[in-house]
Amino acid sequence: MTMQFDLVSPERSLASVKANAVDIPGTEGDMTAMPQHAALMTSLRPGIVRAVSDDTEIKVVVTGGFVEVTGENVTVLAEEAYSVDEVTDEVIEKLEAKAEAALDGKEGSSLDIAERRLAETKALRGLLGR
């Protein structure tokens, strides 16, 4: 049993395949969507989206965005997305600098959100084994 998995960013489409399962870094925690999953929409945190089929594994680093899950589809709309193979130390540094710059002028709950996003962006190094 499979479902359609599509992942797009503003710049390009990174994946459009049939998948058995899709691992998603949701803002409220990690989840795995499988065929006939209950419908839901959630936002993404910086992390790795992983789609698995019988003969393929796709891993994509996302910086945030949204995901819609239905019983037949998983659609990821990413703010920024990179194939894991494309992510160099320079890309990680750029993402960290962007997250740090987002702290400027923030206070209260907006500052808390920006600090959490920075911490999650920095955690990408560990997820990628760097």
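What this report covers is the structure whose coordinates are included nearby.

### Things to note about the side chain of Gln4
Mapped onto the elements of the fold, Gln4 is located in strand E1 (residues 3–8). Within the structure, the side chain of Gln4 is placed 3.2 Å from the side chain of Asp6, a separation counted as a polar contact. Leaving out residues up to four positions away in the same chain, Gln4 has contacts with Ser16, Val17, Lys18, Glu72, Asn73 and Val74.

### As for helix H2 (residues 109–127)
Relative to the 27 Å expected for 19 residues at 1.5 Å per residue, H2 spans 27 Å between its end C-alpha atoms, a close match to the ideal helical length. Listed as buried for H2 are Ala114, Leu118, Glu120, Thr121 and Leu124. Along the axis of H2, the buried residues cluster in a sector spanning 160°; they form a single face. Summarising the geometry of H2, the exposed residues directed more than 90 degrees from the buried face are Ser109, Gly126 and Leu127. Among the residues trailing H2, Gly129 stands out with phi positive, at a value near 75°.

### Digging into the environment of Leu124
Here Leu124 is to be found in helix H2. The spatial distance from the C-alpha of Leu124 to the C-alpha of Asn73 is 26 Å, given a sequence separation of 51 residues. Not counting the four nearest positions on each side in its chain, Leu124 is found in contact with Pro46, Gly47, Val61 and Leu95.

### Looking at the nonpolar core
The biggest cluster of nonpolar side chains holds 20 residues, and the ones touching the most others in it are Phe5, Leu7, Val22, Ile24, Val62, Val74 and Val76. In this structure Leu7 touches Ser13, Leu14, Ala15, Val49, Val60, Val62, Val76 and Ala81, once residues within four positions along its chain are discounted. The next biggest cluster of nonpolar side chains, apart from the first, holds 8 residues, and it includes Tyr82, Val91, Leu95 and Leu128.

### Section: the environment of Ala101
Along the chain, Ala101 turns up in helix H1 (residues 89–101). Assessed through its relative accessible area of 45%, Ala101 is described here as partly exposed. The spatial distance from the C-alpha of Ala101 to the C-alpha of Leu118 is 9.4 Å, given a sequence separation of 17 residues.

### A short note on H1
If you check H1, its first and last C-alpha atoms are 18 Å apart, about what 13 residues at 1.5 Å a residue would give, namely 18 Å. Within H1, the full set of buried residues consists of Val91, Ile92, Leu95, Glu96 and Ala99. Down the axis of H1, the smallest arc covering the buried residues is 135°, so these residues share one side. What points out from H1, more than 90 degrees from its buried face, is the exposed set Glu90 and Lys98. Among the structural elements, strand E10 (81–83) and H2 are those in contact with the buried residues of H1.

Cut-offs and rules
Residues numbered from 1 in each chain as written. Predicted model: local features only at pLDDT ≥ 70, side-chain atom pairs only at ≥ 80, totals over all residues. Heavy atoms only, no water. Helix = DSSP H or I, 4+ residues; strand = E, 2+ residues; numbered from the N terminus. Polar contact = N/O pair within 3.5 Å; in protein donor to acceptor, adjacent residues only side chain to side chain. Contact = heavy atoms within 4.5 Å. Expected span 1.5 Å × (residues − 1). Buried < 20%, exposed > 50% of the residue type's maximum accessible area, 1.4 Å probe, protein only. Arc of directions from axis to C-beta. Core = buried A, V, L, I, M, F, W, Y, C linked by side-chain atoms within 4.5 Å.

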